[in-house]
Amino acid sequence: QVKLVESGGGLVQAGGSLRLSCAASGIVASRMSMNWYRQASGKEREWVANVRSDGTTNWSDSVKVRVTISRNHARNTIYLHMSNLEPDDTARYYCKTPFRGDDYWGQGTQVTVSS
C-alpha cells in the first residue's frame, strides 16, 4: 500500500525558509517521479516542483530559484526546501506520485507566510 506523509509546514515570516518532507511507504521514492503541489485557499491546486527517478528536477516559474528538492534514500523521503518565502506561498503543500496507473497523494502540510 502506497502512503505519503508530508510534514514540516508552519508559520514563517516573509523572507524565511522551510523544509517540507514527504515520507513514502509502499514504494521506493528515489525510483519514482515525486511531485509537490500546493493549494491556496479558494484557488486550484497547482504543481510546484518534481524530482524524477533519474534525479532531474523541475520547478514552476512561481517558485524557481527559491526552491530545491533533495532525496534521502535511507529515509525514503523527499524534501522541498523553500527559501525567501513570500505571503503568496501560503498554501497547503502536497506530495504526489504516480504508481501503476494511479496517483497517490499525501494529506498535505500547511505553510503560512506572514508579511
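One can find the structure itself at the top, above this paragraph.
Rules used in this analysis
Residues numbered from 1 in each chain as written. Predicted model: local features only at pLDDT ≥ 70, side-chain atom pairs only at ≥ 80, totals over all residues. Heavy atoms only, no water. Helix = DSSP H or I, 4+ residues; strand = E, 2+ residues; numbered from the N terminus. Polar contact = N/O pair within 3.5 Å; in protein donor to acceptor, adjacent residues only side chain to side chain. Contact = heavy atoms within 4.5 Å. Core = buried A, V, L, I, M, F, W, Y, C linked by side-chain atoms within 4.5 Å. Buried < 20%, exposed > 50% of the residue type's maximum accessible area, 1.4 Å probe, protein only. Salt bridge = Lys/Arg side-chain N within 4 Å of Asp/Glu carboxyl O.

Asker: Tell me about the side chain of T97, residues and numbers included.
Answerer: With respect to the element layout, T97 can be found in strand β9 (residues 91–99). For T97, the side chain forms a polar contact with the main-chain oxygen of S33, separated by 3.0 Å. What T97 contacts, discounting residues up to four positions off in sequence, is L4, I27, M32, S33, M34, D102, D103 and Y104.

Asker: Outline the nonpolar core, listing residues and values.
Answerer: Counting 28 residues, the largest nonpolar core has I27, M34, W36, I78, L80, M82 and Y93 as its most contacted members. Secondary structure elements with two or more residues in this core: β3 (18–25), β4 (34–39), β5 (46–51), β7 (67–72), β8 (77–82), β9 and β11 (109–114). Dropping the residues within four chain positions of it, L80 is found in contact with L18, R19, L20, W36, A49, V67, T68, I69 and Y93.

Asker: So what about the pattern of salt bridges? Which residues, and what values?
Answerer: Counted by the stated rule, this structure contains six salt bridges. Its salt-bridge partner being D89, residue R38 comes within 2.9 Å of it at the nearest N-O pair. With R38 in strand β4 and D89 in the loop between β8 and β9, this residue pair connects regions lying 51 residues apart in the sequence. For the pair R38 and D89, one class covers both residues: buried.

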